[in-house]
Amino acid sequence: MKRLFWLSIPMLTGCFRGFFSEGPRYLATEYVVDKPRIVALRSSPIEMVSGQSTTFDALLIAPAESRVEQWQVSVCGLDPNSTTRTQIWDLLCFEKNEAVTTLFKGTSLPQQFAVPTFPEIDSCSRWDDQVLDSGLQDTGWIEEGYTDGYCNHQLPIMVEATVDGEPVFAAGFTSWYPTLPYHLRRNTTYSDAGMELSMPTEAQAGSEVDLSLRIATDASYANFQWYIDAGTLKDTGITKAHSFSQATESFPHPLTTSNNRLVIPDDYQGTLRVWVVVHEPWYHDFDMTWIGGSIEVKQ
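Residues numbered from 1 in each chain as written. Predicted model: local features only at pLDDT ≥ 70, side-chain atom pairs only at ≥ 80, totals over all residues. Heavy atoms only, no water.

S.K.: Hey, could you run me through the nonpolar core in this one?
M.R.: Note on soluble globular proteins: their nonpolar side chains tend to be buried together. Judged by nonpolar contacts, the single largest core of 36 residues is most densely connected at Ile38, Phe56, Ile157 and Trp176. Contributions of two or more residues to this core are made by strand E2 (37-44), strand E4 (53-61), strand E5 (68-76), strand E7 (100-106), strand E9 (153-163) and strand E10 (166-177). Excluding residues within four positions of it along the chain, Phe56 makes contact with Leu41, Arg42, Ser43, Val73, Phe104, Leu109, Pro110, Gln111, Phe113, Ile157, Val159 and Phe286. One finds Tyr190, Ile215, Trp226 and Tyr268 within the second-largest nonpolar core, a separate group that totals 29 residues. (Core = buried A, V, L, I, M, F, W, Y, C linked by side-chain atoms within 4.5 Å. Buried < 20%, exposed > 50% of the residue type's maximum accessible area, 1.4 Å probe, protein only. Helix = DSSP H or I, 4+ residues; strand = E, 2+ residues; numbered from the N terminus. Contact = heavy atoms within 4.5 Å.)

S.K.: I would appreciate a short explanation of unusual backbone geometry in the present structure.
M.R.: The phi torsion of most residues other than glycine is negative, and most of the peptide bonds are trans. Cis geometry is found at the peptide bond from Ser44 to Pro45, where omega equals 0 degrees. If you trace the backbone, Pro45 turns up in the loop between E2 and strand E3 (48-49). The omega torsion across Leu109 and Pro110 is 5 degrees, close enough to zero to call that bond cis. Position of Pro110 relative to the elements: it lies in the loop between E7 and strand E8 (111-114). Phi is positive for Asp164, which is not a glycine, with a value near 50 degrees. In this fold, Asp164 is placed in the loop between E9 and E10. Assessed through its relative accessible area of 41%, Asp164 is described here as partly exposed. A positive phi is found at Thr236, a non-glycine position, where the angle reads about 65 degrees. In this fold, Thr236 is placed in the loop between strand E15 (232-233) and strand E16 (238-239).

S.K.: How do you make sense of the sheet that holds E2 when you look at a structure like this?
M.R.: Backbone-to-backbone hydrogen bonds pair the strands of a sheet. The strands run either parallel or antiparallel. The strand order across the open sheet formed by three strands is E2-E4-E8, and the pairing between neighbours is antiparallel. A single partner strand is all that each edge strand has here, and the edge strands are E2 and E8. Each adjacent strand pair in this sheet contributes to an overall mean axis angle of 25 degrees, direction not counted. As defined by bridge partners, E4 adjoins E8 across four bridges and the pair is classed as antiparallel. Bridging across to E8, Ser53 finds its partner in Ala114. (Pairing = 2+ DSSP bridges. Axes fitted to C-alpha atoms, helices over the stretch in contact; angles between N-to-C directions.)

S.K.: Looking at this structure, I do not really get the sheet that holds E16. What am I missing?
M.R.: If you trace the five strands from one edge of the open sheet to the other, you get E12-E20-E19-E14-E16, paired in mixed fashion. Whereas interior strands pair on both sides, the edge strands pair on one side only; in this sheet they are strand E12 (202-204) and E16.

S.K.: In this structure, what is going on with the confidence of the model for the protein? I would like to understand it.
M.R.: Note: predicted coordinates in regions of low pLDDT should not be interpreted at a detailed level. Of all residues in the protein, 80% have pLDDT values of 70 or greater, and the mean over the chain is 84. A low-confidence stretch, residues 1-24 (pLDDT under 50), is modelled with 60 contacts involving residues beyond four sequence positions or located in other chains. Every residue in residues 126-132 is under pLDDT 50, and counting partners more than four places away or in other chains gives 11 contacts. (pLDDT = per-residue confidence, 0-100.)

S.K.: I keep staring at the pattern of salt bridges and nothing clicks. Help me out?
M.R.: Side chains that carry opposite charge are capable of pairing whenever their charged atoms lie near each other. Tallying each qualifying case throughout the model produces eight salt bridges. A salt bridge links Asp57 to Arg42; the shortest N-O distance between them is 3.4 Å. Of this pair, Asp57 sits in strand E4 while Arg42 is found in strand E2, placing the two residues 15 residues apart along the sequence. Linking Lys298 and Glu202 is a salt bridge whose minimum nitrogen-to-oxygen distance equals 3.5 Å. (Salt bridge = Lys/Arg side-chain N within 4 Å of Asp/Glu carboxyl O.)

S.K.: I'm lost on the state of the cysteines in this one. Help?
M.R.: Counted under the stated rule, the structure contains one disulfide. Two residues, Cys76 and Cys93, share a disulfide whose sulfurs are 2.0 Å apart. Residue Cys76 is located in strand E5, and its partner Cys93 is located in the loop between strand E6 (86-87) and E7; the two are separated by 17 residues in the primary sequence. We note that Cys76, like Cys93, is buried. (Disulfide = S-S within 2.5 Å.)

S.K.: So what exactly am I meant to see when it comes to the packing of aromatic side chains here?
M.R.: We describe a pair of aromatic rings using the distance from one ring centre to the other and the angle between the two ring planes. All chains considered together, the criterion is met by four aromatic pairs. Aromatic pair Trp89 and Phe173: ring centres 6.1 Å apart, planes at 25 degrees, arrangement stacked. In this pair, Trp89 sits in the loop between E6 and E7 while Phe173 sits in strand E10, placing the two residues 84 residues apart along the sequence. Ring geometry for Phe104 and Phe113: centres 5.3 Å apart, planes at 40 degrees, overall tilted. A single burial state applies to Phe104 and to Phe113, both of which are buried. Among the aromatic residues, ring-to-ring pairing joins Phe56, Phe104, Phe113 and Phe286 into one connected group. (Phe/Tyr/Trp six-rings, centres within 6.5 Å; stacked < 30°, edge-to-face > 60°.)

S.K.: Please explain the pairing of E2 as it appears in this structure.
M.R.: Consecutive side chains along a regular strand alternate between the two faces of the sheet. Burial of E2 is extensive: six of the eight residues sit out of reach of the surface. Note: E2 against E4, seven bridges, orientation antiparallel. Within the sheet, the bridge partner assigned to Ser43 lies in E4 and is Phe56.

Next up, the structure:
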């Protein structure tokens, strides 16, 4: 199994090469939209399966006058001829042109494309090679055929948008399967769940308004990431689930709610946009969803 070292960077924006020298910013305070940024990615299905159709989408937030000119999505480390399991946990391979495969280019998202075909993986197991070599095995709970579901590559996807002539980048990691394993989770993904963003349609400059996001699934452990055109979020740009209720006869879905408070600047006038991204902080980079709305601010 081929591996590269692990690096905890599920998302990046701005100049790709410069990211490694500048370091990540604290996202809880980086919620005012003063430059183009890709802040969420999603694919349906979440995992990539050889030859199967996939729909890909991204949320790019930018000042209102900005113009998105092109999208390009690529994968690094996908060898159509290799049968060796490959796991890549950093983004440095995108510096090697020969290791990069373009998945699609286009002027808009969402985009549907066919995952490139690649062969079955040899000698693939749930356990690391060194564990297998030791002769140890667990026969107490592993269902027959279950370990086949771990016979996959783990590879990064790079998303590049051209905004007003300048590149904006984001990246995430996902599993690549040569065939569809039977055990893949089929719970409701965040992008499949219904959402509602509650906030006033009009407000006075300088006022404080309540914001509330409701999603019809169990998002108890999710992060709720908020973005605004201007102002201050009193509960910061990242909130947790503030309430959760199980499905009932009257509402047949679980319901998770997260709240925030927006203080509008005293001198603001016009449309003020609000976005919320829902995602797990350390799990399934492409199981993200989002919703947006706007408030007309008057003096």
